[in-house]
Amino acid sequence: MQKLDPYLNIDPGTMSPYQHGEVFVTEDGAETDLDLGHYERFTGLEMSRKSNYTSGRIYWEVLEKERRGDYLGTTVQMIPHITDEIKAKIRQLDDDGVDVVICEIGGTVGDIEGLTFLEAIRQIGLEEGRENVMYIHLTYVPYIKAAGEVKTKPTQQSVAKLREIGILPDALICRTEVDLSDDVRKKLSLFCNVPHHAVMVEQDVNHTIYEVPVVLSEQGLDDLILVHFRLARPSAHLEAWQAMVNNVIQPEGSVRIGVIGKYAELQDAYKSIFEAIHHGGVAHRHRVEIVKIPAEEIEDGKGLDRLTNVSGLLVPGGFGNRGVEGKIRAIQSAREEGTPFLGICLGLQCAVIEFARHAVGLDGAHSTEIDSSTPHPVVCLMEEQEDLADMGGTMHLGAHTCFIKPGTCAYEAYGTERIRERHRHRYEVNLKYLPRMEEKGLLVSGRSEDGKLVKIIELKDHPWFVATQFHPEFKSQPLNPHPLFKAFVGHAIEKQAVPS
Ligand code: GLN
């Protein structure tokens, strides 16, 4: 699977969550569009650096070739040089032995910057033969509430635009708030030149996004694709998936979990975290109500009551100083009240700062990311990061091995001593301060292979307080909930049953 994004950033790694939502990280350390997270969660497959290209990255590579002289004096142009590069990126997946490439083009038909991508997939249709390429157009069919009707015009227009480019969609998937009548489907079929049975309705689902594959399969989208490619048509095995969906729709109980983030109001900024929490709930047949608490609102001890009506607290990753004191305050409350706590990346760093300040008595302890002149730099820049000037793609990224200490909460969750998890950070726990913290009950339960990097911490005198320097949320899947999220939600459910 591949996502082709028309914007000019080389990757979304340097983009603000306000612009782009979460940055997803692949096993091989690429910072990518958050859609790759959906791909992994829906298919169970592992994406890689080859699964996400932006215009920026394509142009960059073409311009590098131009500077090297690879084009031997020719005029370098959008067509064929940029389009050839795009096609090469799609076809390179052939080297991995794949049979089918599912390639999503981001943006909207009609965007100037998306044109080269559309032109490239048009050319692929010509080169591979139309019977070997299927074009599926995902289109929004708006519902005008005041008039009580849906509008097919935007779809007619975007399909007309595609036809101008030379792409005739083989199927339409219509995103819509309401069901589309057969008349509307017929109209779309006629005006868009798509067979009636290939007009799929993707209405908003009631409970969980994981219902969508079932909805599309019921309409025969899977069959339509197999027929197009003249492939065998076994019926889809959606039993396990359907069971998971039923589990979400009819839970046995519910539990509230608070997430204290800088961007609490943004649905997409913590996409994988929210999904992983829900997976943790599925594992216990519980619905999780996620209470989003903006970190700034609990700074200076204000708004602390918001922390008491949840049964678990999670502090996610982040950058920069906004909201950090609120996160630290929330962690102090979780530590003192015995509330199940999961800290991730900056969440671990804040937990270490909180512990240093309040349990060890190191006044002013901080991370040098936030306070470069702190008297107690308990979190500091990783050695490998010290001389870096470039910000793009230079963090400590991707999957690295972690060794877990038996007899810890982490070990109980994973059930194994050796794990691999994905990272995205520049700062780390300062080993110099560890002995003093360990003396007061901080436990390092996960370390890097060489023992030099702190990867998981816990608290000895706490029911369940675990924080990780890596991002477990990226590896959680609905059919395979991440062990730490499963354990975290499980302890929150227990806490709810026996309130302190
Ligand atoms: N800002 C911190 C660092 O760079 C944490 C990063 C994160 O939470 N992903 O180390």
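Calculation rules
Think of each chain on its own: its residues are numbered from 1, step by step along the sequence as written. With the structure being a predicted model, the display of local features is reserved for residues of pLDDT at least 70 and the display and counting of side-chain atom pairs for 80 or more, all residues being used for whole-chain, interface and lining totals. Hydrogens and water are ignored here; the side-chain numbers use all heavy atoms of the structure. Following DSSP output, two strands are said to pair if at least two bridges run between them. Runs of H or I in DSSP of at least four residues are treated as helices and runs of E of at least two as strands, each being numbered from the N terminus. Lines fitted to C-alpha atoms define the axes here, with helix axes fitted over just the stretch in contact, and angles between the N-to-C directions of these axes take values from 0 to 180 degrees. Proximity is defined per residue: if any heavy atom of the residue lies within 4 Å of a molecule or strand, that residue is considered near it. Here a polar contact means two N or O atoms within 3.5 Å. Within protein one must be a hydrogen donor candidate and the other an acceptor candidate, and residues neighboring in sequence count only if both atoms are side-chain atoms. The protein chains shown are the only cover counted for residues, whose accessible areas, like all others here, come from Shrake-Rupley with a 1.4 Å probe. Side-chain classes are defined by residue name, with Ala, Val, Leu, Ile, Met, Phe, Trp, Tyr, Cys and Pro counting as nonpolar, Asp, Glu, Lys and Arg as charged, and the others, Gly among them, as polar. Here a salt bridge means any side-chain nitrogen of Lys or Arg lying within 4 Å of a carboxyl oxygen belonging to Asp or Glu. Whether a residue is buried, partly exposed or exposed follows from its accessible area with a 1.4 Å probe, protein chains only, as a fraction of its type maximum: under 20%, in between, or over 50%, in that order. For the handedness criterion, the strands are oriented away from the viewer, and a crossover whose path from the first strand over the helix to the second runs clockwise is classed as right-handed. Here, residues are in contact when the closest pair of their heavy atoms is within 4.5 Å. For a helix, the expected span equals 1.5 Å multiplied by the residue count minus one.

Visitor: Quick rundown of the sheet that holds strand S5 (residues 103-105)? Include the residues and the values.
Guide: One open sheet accounts for 3 strands, arranged S4-S1-S5; its pairing is parallel. Whereas interior strands pair on both sides, the edge strands pair on one side only; in this sheet they are strand S4 (52-54) and S5. Between one strand and the next, the sheet's axes are offset by a mean angle of 15°, whatever the strand orientation. Summarising the sheet, strand S1 (residues 2-5) and S4 pair through 3 bridges and their orientation is parallel.

Visitor: How would you explain the site of the ligand if you had to name every residue and give the values?
Guide: The full set of residues close to the ligand is Gly-317, Gly-318, Phe-319, Cys-345, Leu-346, Gln-349, Glu-369, Arg-424, His-425, Arg-426, Tyr-427 and His-471. Residue Arg-424 places a main-chain N or O atom 2.9 Å away from a nitrogen atom belonging to the ligand. A distance of 3.3 Å separates a nitrogen atom of the ligand from a polar atom in the side chain of His-471. Contact with the protein chains removes 98% of the 300 Å² of surface that the ligand exposes when unbound. Where the shell around the ligand is concerned, the elements lending two or more residues are helix H13 (346-360) and strand S18 (418-425). Counted by class, the shell around the ligand contains 4 nonpolar, 5 polar and 3 charged residues.

Visitor: Before we move on, can you summarise the pattern of salt bridges with the specific residues and values?
Guide: Taken as a whole, this structure holds 33 salt bridges when the rule is applied. Glu-119 is the salt-bridge partner of Arg-122, the closest N and O atoms lying 2.8 Å from each other. Here Glu-119 and Arg-122 lie together in helix H5 (residues 115-128), a separation of 3 residues that amounts to about one turn. Looking at Arg-122, the relative accessible area reads 26%, which means it is partly exposed. Where Arg-335 meets Glu-354, a salt bridge forms, and the shortest distance between an N and an O atom there is 2.7 Å.

Visitor: Now, about the pairing of strand S12 (residues 286-294): what can you tell me, with residues and values included?
Guide: Here strand S11 (residues 253-261) pairs with S12 via 9 bridges, running parallel. Its bridge partner lying in S12, Ile-260 is registered against Ile-293. In this view, the connection linking S11 to its parallel neighbour S12 by way of helix H11 (residues 271-283) has right-handed handedness.

Visitor: Any chance you could break down the environment of Ile-290 for me, citing the residues and the numbers?
Guide: With respect to the helices, strands and loops of the structure, Ile-290 is situated in strand S12. Spatially, the C-alpha atom of Ile-290 lies 5.9 Å from that of Arg-256, the residues being 34 residues apart in sequence. Each residue touching Ile-290, except ones within four places of it in the same chain, is listed here: Ile-257, Val-259, Phe-274, Ile-277 and His-278.

Visitor: Quick rundown of helix H4 (residues 78-91)? Include the residues and the values.
Guide: The end-to-end C-alpha distance of H4, which contains 14 residues, comes to 18 Å, matching closely the 20 Å that a straight helix rising 1.5 Å per residue would cover. Taken residue by residue, H4 has His-81, Ile-82, Thr-83, Glu-85, Ile-86, Lys-87, Lys-89 and Ile-90 as its buried positions. Of the surrounding elements, those touching the buried residues of H4 are S1, S4, helix H3 (55-68), S5 and H5.

Visitor: Describe the environment of Gly-343, listing the residues and the values that go with them.
Guide: Structurally, Gly-343 is set in strand S14 (residues 341-344). Since its relative accessible area comes to 0%, Gly-343 is described here as buried. For the pair formed by Gly-343 and Val-259, sequence separation is 84 residues and the distance between their alpha carbons is 9.9 Å. Aside from chain neighbours lying at most four places away, what touches Gly-343 is Val-315, Leu-348, Val-466, Ala-467 and Thr-468.

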